[in-house]
Amino acid sequence: MKKIFYIFLILFFSSSIFAKASFFVELTPSLLLNTEDKKYSAPSPIYFPLSLGIQIETPFAKIEPSISLWTNYYLLAHDKALISEIENRTSLAISSMINIPVSFSIGKTGLSISAGFAFFLRFALPLEGIEASDEVSKINEYFWQKMRFLYLSTDVQWMFDLPKVKAGPILRFYLPLGGLISDKSMNASIFNLGLKVCF
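Our subject in this report is the structure included herewith. (Residues numbered from 1 in each chain as written. Predicted model: local features only at pLDDT ≥ 70, side-chain atom pairs only at ≥ 80, totals over all residues. Heavy atoms only, no water.)

1. Here's the deal with helix H2 (residues 133-144)
The end-to-end C-alpha distance of H2, which contains 12 residues, comes to 17 Å, matching closely the 16 Å that a straight helix rising 1.5 Å per residue would cover. Buried within H2 we find Val 136, Ile 139, Tyr 142 and Phe 143. The arc that holds every buried residue of H2, seen down its axis, measures 120°, which confines them to one face. Among the exposed residues of H2, those pointing more than 90 degrees away from its buried face are Ser 133 and Asp 134. If you follow the buried residues of H2, they end up packed against strand S6 (66-77), strand S7 (80-83), strand S8 (91-105), strand S9 (111-126) and helix H3 (177-183). Positive phi appears at Lys 146, one or two residues downstream of H2, with a value of about 55°. (Helix = DSSP H or I, 4+ residues; strand = E, 2+ residues; numbered from the N terminus. Expected span 1.5 Å × (residues − 1). Buried < 20%, exposed > 50% of the residue type's maximum accessible area, 1.4 Å probe, protein only. Arc of directions from axis to C-beta. Contact = heavy atoms within 4.5 Å.)

Given below as structure tokens:
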């Protein structure tokens, strides 16, 4: 997985080789879809990630690599890592989504659509006072097995020119490609809806 980080860092910090580049932030309340049995897991949580990225303009399209960070609680049930409520948690997962989409503008309307690959990177950590090191280890194995980290991303955004910045709403969907292939499930699909500000 180090290669994924290296690719992201190269795209993120090499903007000087492109004619135009700008940084952006996103404020996007998000829904992590949980399709598993609610007897053992929590309802689909809403979380508030911290998202930063860079918009690189090329002659044909824009490349918009970004990273989002947040945390969720997990437990192990039936050999699966499932979203957990705080009362039943086994571990705290530091979660990040590395998204590398290509964006295409629709005329001069400010509207654009994007599609690309994304990587859902999760690292489960043990919680103080809870003896569950074996479960935490199995949770991490589950995250990385069968390419469950591999996603497809697509979004629609509508940007407006404001003094010194561009801003507008963005709607994004992350499809769990690895999970869909290996588990035949849409579990852990992610929906974002919020505001994007480009500097």
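2. What to know about empty space enclosed by the protein
In this structure the tally under the stated criterion is one cavity of 30 Å³ or more. Roughly 50 Å³ of internal volume is contained in the largest cavity. Contributing elements (two or more residues each) for the lining of the largest cavity: S6, strand S12 (165-175) and strand S13 (190-198). Looking at the lining of the largest cavity residue by residue, the class counts come to six nonpolar, five polar and two charged. (1 Å grid on protein atoms, 1.4 Å probe; cavity = no way out; pocket = protein on both sides within 12 Å on 5 of 7 lines; lining within 4 Å. Points joined across faces, edges and corners; volume = space filled by probe spheres on them. Nonpolar A, V, L, I, M, F, W, Y, C, P; charged D, E, K, R; others polar.)

3. Regarding a nonpolar patch on the surface
On the surface, Val 102, Phe 104, Ile 106, Ile 113 and Val 156 cluster together into a nonpolar patch covering about 390 Å² of accessible area. With respect to the element layout, Phe 104 can be found in strand S8. On the basis of relative accessibility, which here comes to 43%, the residue Phe 104 falls in the partly exposed class. (Patch = residues over 30% accessible without salt bridge, like charges linked within 9 Å, V, L, I, M, F, W, Y side chains within 5 Å. Areas by Shrake-Rupley, 256 points an atom, 1.4 Å probe, with all protein chains shown as cover. Salt bridge = Lys/Arg side-chain N within 4 Å of Asp/Glu carboxyl O.)

4. Quick look at the pattern of salt bridges
A side chain of one charge can pair with a side chain of the opposite charge if their charged atoms are brought near each other. With the rule as written, the count across this model stands at six salt bridges. Across the pair Arg 148 and Asp 183 runs a salt bridge, and its minimum N-O distance is 2.8 Å. Here Arg 148, found in the loop between H2 and strand S10 (150-158), pairs with Asp 183, found in helix H3; they are 35 residues apart in sequence, far enough to count as distant. The partly exposed category is assigned to Asp 183, whose relative accessible area is 29%. Among the ionic pairs, Lys 166 bridges to Asp 161, the shortest N-O distance being 3.9 Å. Owing to a relative accessible area of 36%, Lys 166 belongs among the partly exposed residues under this scheme. One continuous salt-bridge network, built from bridges that share partners, spans Glu 26, Asp 155 and Arg 172.

5. As for unusual backbone geometry
The phi angle at His 78 is positive, at roughly 55°, despite the residue not being glycine. Turning to its location among the elements, His 78 is positioned in the loop between S6 and S7. Here the phi dihedral of Ala 188 falls at roughly 75°; this positive angle occurs in a residue that is not glycine. Structurally, the position occupied by Ala 188 is in the loop between H3 and S13.

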